[in-house]
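Chain by chain, the residues:
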Amino acid sequence: MSVMIADAALYGRELVFRYGDECITIRRLDRSQGINRVLIKVHPDTRVEALAPREASDDEVLDAVRQRARWIYQQLRQFRAQNEYVIPRRYVSGESHYYLGRQHLLKVIETLTERQGVKLLRGRLEVRVRHKRPDKVRQLLARWYRERAGEVFGRRLDAMLEQALWVSERPPMRVQAMQTRWGSCSPQGRLTLNPHLVKAPRECVDYVILHELCHIAEHNHSERFYRLMGQVMPQWEGIKARLDDMAGRLID
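Parameters at a glance
- Residues numbered from 1 in each chain as written.
- Predicted model: local features only at pLDDT ≥ 70, side-chain atom pairs only at ≥ 80, totals over all residues.
- Heavy atoms only, no water.
- Pairing = 2+ DSSP bridges.
- Helix = DSSP H or I, 4+ residues; strand = E, 2+ residues; numbered from the N terminus.
- Axes fitted to C-alpha atoms, helices over the stretch in contact; angles between N-to-C directions.
- Phe/Tyr/Trp six-rings, centres within 6.5 Å; stacked < 30°, edge-to-face > 60°.
- Lys NZ or Arg CZ within 6 Å of the ring centre and 35° of its normal.
- Salt bridge = Lys/Arg side-chain N within 4 Å of Asp/Glu carboxyl O.
- Buried < 20%, exposed > 50% of the residue type's maximum accessible area, 1.4 Å probe, protein only.
- Expected span 1.5 Å × (residues − 1).
- Bend = angle between axes of the 7 residues up to and from the residue.
- Polar contact = N/O pair within 3.5 Å; in protein donor to acceptor, adjacent residues only side chain to side chain.
- Contact = heavy atoms within 4.5 Å.
- Core = buried A, V, L, I, M, F, W, Y, C linked by side-chain atoms within 4.5 Å.
- Parallel < 35°, antiparallel > 145°, perpendicular 65-115°, else oblique.
- Left-handed = near helix turned anticlockwise from the far one by under 90°.
- Nonpolar A, V, L, I, M, F, W, Y, C, P; charged D, E, K, R; others polar.

1. Observations regarding the sheet that holds strand β7 (residues 102-110)
Logical step 1: One open sheet accounts for 4 strands, arranged β6-β7-β9-β8; its pairing is mixed. The outermost strands of the open sheet, each flanked by one partner alone, are β6 (96-99) and β8 (117-121). Taken pair by pair, the neighbouring strands of this sheet meet at an average axis angle of 35°, ignoring direction.
Logical step 2: Relative to β7, β6 runs antiparallel, the two being bridged by 4 bridges. Residue pairing for β7: S96 is matched across the bridge by L105.

2. Observations concerning the packing of aromatic side chains
Logical step 1: Taken as a whole and judged by the stated rule, the model has 6 aromatic pairs.
Logical step 2: The positively charged end of R68 is found above the aromatic ring belonging to W71, 4.1 Å away from the centroid.
Logical step 3: Cation over ring: K199 sits above Y145, and NZ or CZ is 4.7 Å from the ring centre.

3. With respect to the pattern of salt bridges
Logical step 1: Counted by the stated rule, this structure contains 16 salt bridges.
Logical step 2: Between R124 and E126 there is a salt bridge; the shortest N-O distance is 2.6 Å.
Logical step 3: Overall, R124 belongs to the partly exposed group, its relative accessible area being 29%.
Logical step 4: Accessibility expressed as a relative area gives 4% for E126, which makes it buried.
Logical step 5: Ionic pairing is found between R156 and D206, a salt bridge with its closest N-O pair at 2.8 Å.

4. Some words on helix α6 (residues 236-250)
Logical step 1: Between its first and last C-alpha atoms α6 spans 19 Å; for 15 residues at 1.5 Å apiece the expected length is 21 Å, and the two agree.
Logical step 2: A bend of about 25° at D244 is the largest found in α6.
Logical step 3: Considered for burial, the residues of α6 that qualify are W236, I239, L243, D244, M246, A247 and L250.

5. Side note on the side chain of H221
Logical step 1: In this fold, H221 is placed in the loop between α4 (202-217) and α5 (223-232).
Logical step 2: Side chain to side chain, H221 and H211 meet in a polar contact 3.3 Å long.
Logical step 3: At 3.4 Å, the side chain of H221 forms a polar contact with the side chain of H215.
Logical step 4: For H221, the contacting residues outside a window of four places in its chain are R31, R37, L39, K41, H211, H215 and Y226.

6. Considering the side chain of T111
Logical step 1: Within the secondary structure, T111 sits in the loop between β7 and β8.
Logical step 2: At a separation of 3.1 Å, a polar atom in the side chain of T111 contacts the main-chain amide nitrogen of E114.
Logical step 3: Sequence-distant contacts of T111, that is, excluding residues within four places in its chain, are made with R128, V129 and R130.

7. Section: the nonpolar core
Logical step 1: Judged by nonpolar contacts, the single largest core of 52 residues is most densely connected at L141, F153, L213 and L243.
Logical step 2: Put simply, the parts of the chain that give this core at least two residues each are β6, β7, β9 (124-129), α3 (134-161), β12 (191-193), α4, α5 and α6.
Logical step 3: Broken down by element, this core gets its largest block of residues, 11 residues, from α3.
Logical step 4: Sequence-distant contacts of L243, defined by excluding residues within four places in its chain, comprise W182, L197, A200, C204, Y207, V208 and L250.
Logical step 5: Membership of the second largest hydrophobic core comes to 18 residues, among which are Y19, V42, A56 and V65.

8. Examining the packing of α4 against α5
Logical step 1: In the contact formed by α4 and α5, the axes pass within 10 Å of each other and the chain directions differ by 135°. Considered as vectors, α4 and α5 are oriented oblique to each other. Here the hand of the crossing between α4 and α5 comes out right-handed. Here Y207, L210, H211, C214, H215 and A217 of α4 lie close against α5, whose contacting residues are F225, L228, M229 and V232.
Logical step 2: For the contact of α4 with α5, the class distribution of residues is 8 nonpolar, 2 polar and no charged.

This is the structure we're talking about:
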């Protein structure tokens, strides 16, 4: 059954268009000057963004959105279906939590004599606490993931630098929780990586790091950026799709 696109309406920095019987809101964001291409992103939390040159008119941005309307609609359906099956974590024994792409059973141990903390033992994440309070378990797990992230990201950054021949010296890196990004690269070349990324498979970690290293050469999502990304990781699109598919299970 064919679906028609009706006229779009404009609301400030948000563009709204109709696809079939659904109104889809697109948040317009500015891209770097000199980049003519409109980049459209659909996030796992169903936010839709259009990154467009500042000088582009809203009508031009809407034209680009219309051309990809079916893809936007399909991505939204996919993420909504995934989110229906994401069960909020309660941080109690028996739950499964991810680390480097593998699921590990959570076991919460109440103890008055042992030090509070997290250990990964024989496929289980054991959390020792004074009292079985979910907020405390969550806090300890978050700290453990951040510590592991710093170690894993450092090793993988060193490995990926062997492929990033355009990077002359090891860039500074920090670990910081972000709601909508796996990573970022500042204009000065500093990498910021989301600690939740350490829950994903190693190839996904490598993809995000390489993505940000490519931004050191091309600090935008230009055609040159994507060519460079394809040279150093030809299969990056499939890996990105895998990471996007897991996002709802990794970020809590």
